[in-house]
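# Observations on the model geometry
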Amino acid sequence: MTREEIIKEENKVYARPALLRDDVMHYCPGCSHGVVHKLVAEVIDELGLAEDAIGIAPVGCAVFAYNYIECDWIEAAHGRAPALATAASRLNPSKVVFTYQGDGDLAAIGTAETIHACTRGENIVIILINNGIYGMTGGQMSPTTLEGAKTATTPYGRRHDLNGFPLKVADVVSLLDGTCYVTRQSVHTPAAVRKAKKALTKAFLNAKAKKGTSFVEIVSTCSSGWKMTPEQANKWMEENMHKHYPLGDIKDVDAKTN
């Protein structure tokens with residue numbers, strides 16, 4: 001190495017995670033997916049799971065996760081990721097299996113698979129990216145869309161008498177005996193990113209230790225779907241999403257808090 005290269009290496013304070021591919025991401029500016037991808041890649045690498053992790057990517061914005069994180073991936077039909085993760089985990093008990101899903105996938109067509117995987121206590125990690133909207137297909141209302149929120153299918157705002165109340169999936173699965181860890185985090189600030197990484201680390205360690213199902217919800221933004229700039233989306237999320245979906249651990253069997 002040249003002297004300049006040595007100095008540069010010694011002064012380096014941040015580097016691309018080893019398992020995060022050097023590909024240009026397709027996500028919209030301000031999207032939370034890229035940050036969560038980085039965290040997942042870091043956690044898998046730091047826990048030494050690069051050769052043992054199997055990711056399940058279903059339909060939606062999350063489907064292209066396999067383009068960015070360097071581990072084994074299986075693509076699932078819409079909403080079926082927990083079912084496929086169940087098979088992958090049971091057939092390969094030495095592996096650590098995780099799903100990476102959006103709210104339109106997990107909380108709508110995939111509700112049954114999610115509930116029953118958590119009820120069975122499958123040794124998997126379920127990661128939910130909750131931005132309260134169908135991002136990929138044009139901004140329609142999802143089960144987690146807030147009351148009053150305007151979407152392509154609720155142009156005058158979501159009404160609970162017509163569309164039902166927003167579904168708090170993490171709260172629901174926390175009541176099931178098969179879940180060992182349920183948490184709700186975000187990645188909108190450096191402090192939030194650190195907490196989200198800590199939560200993901202715990203979830204992957206739980207799966208490795210065969211403790212049951214860990215469920216990590218990341219409350220996220222969708223600048224394009226919400227018709228906002230990234231800055232506006234972050235502010236709106238803090239002022240609205242976080243009120244209905246408060247951040248923090250909901251259930252932790254190890255800590256005996258649920």
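Residues numbered from 1 in each chain as written. Predicted model: local features only at pLDDT ≥ 70, side-chain atom pairs only at ≥ 80, totals over all residues. Heavy atoms only, no water.

Contact geometry for helix 2 (residues 33-46) and helix 8 (residues 190-208): axes closest at 10 Å, N-to-C directions at 45 degrees. Comparing the axis directions of helix 2 and helix 8 gives the class oblique. Here the hand of the crossing between helix 2 and helix 8 comes out right-handed. Taken together, the residues of helix 8 that come into contact with helix 2 (itself represented by Val 35, Leu 39, Val 40, Glu 42, Val 43, Ile 44 and Glu 46) are Val 193, Ala 196, Lys 197, Leu 200, Thr 201 and Phe 204. (Axes fitted to C-alpha atoms, helices over the stretch in contact; angles between N-to-C directions. Helix = DSSP H or I, 4+ residues; strand = E, 2+ residues; numbered from the N terminus. Parallel < 35°, antiparallel > 145°, perpendicular 65-115°, else oblique. Left-handed = near helix turned anticlockwise from the far one by under 90°. Contact = heavy atoms within 4.5 Å.)

Turning our attention to the packing of aromatic side chains. The relative placement of two aromatic rings is captured by the distance of their centres and the angle of their planes. Throughout the structure, instances matching the rule amount to 5 aromatic pairs. Taken together, Trp 73, Phe 98 and Phe 204 form an aromatic cluster joined through their ring pairs. (Phe/Tyr/Trp six-rings, centres within 6.5 Å; stacked < 30°, edge-to-face > 60°.)

Let's shift gears to the side chain of Asn 130. Mapped onto the fold, Asn 130 is located in strand 4 (residues 124-130). The class of Asn 130 is buried, set by a relative accessible area of 0%. Those residues in contact with Asn 130 that sit more than four places away from it in its chain are Asp 103, Thr 144, Glu 217, Ile 218, Val 219, Ser 220, Met 241 and Tyr 245. (Buried < 20%, exposed > 50% of the residue type's maximum accessible area, 1.4 Å probe, protein only.)

Looking now at the pattern of salt bridges. Evaluation of the coordinates by the stated rule reveals 15 salt bridges. Residue Glu 70 pairs with Arg 21 through a salt bridge whose shortest N-O separation is 2.7 Å. One end of the pair, Glu 70, is in the loop between strand 1 (53-57) and strand 2 (72-75); the other, Arg 21, is in the loop between helix 1 (3-10) and helix 2, with 49 residues separating them in the sequence. Arg 21 sits in the partly exposed class, given a relative accessible area of 28%. For Lys 197, the salt bridge is made with Glu 42, and the minimal N-O distance between the two is 3.2 Å. One end of the pair, Lys 197, is in helix 8; the other, Glu 42, is in helix 2, with 155 residues separating them in the sequence. For Lys 197, a relative accessible area of 21% puts it in the partly exposed group. The structure contains a network of salt bridges with shared partners spanning Lys 38, Glu 42, Glu 46 and Lys 197. (Salt bridge = Lys/Arg side-chain N within 4 Å of Asp/Glu carboxyl O.)

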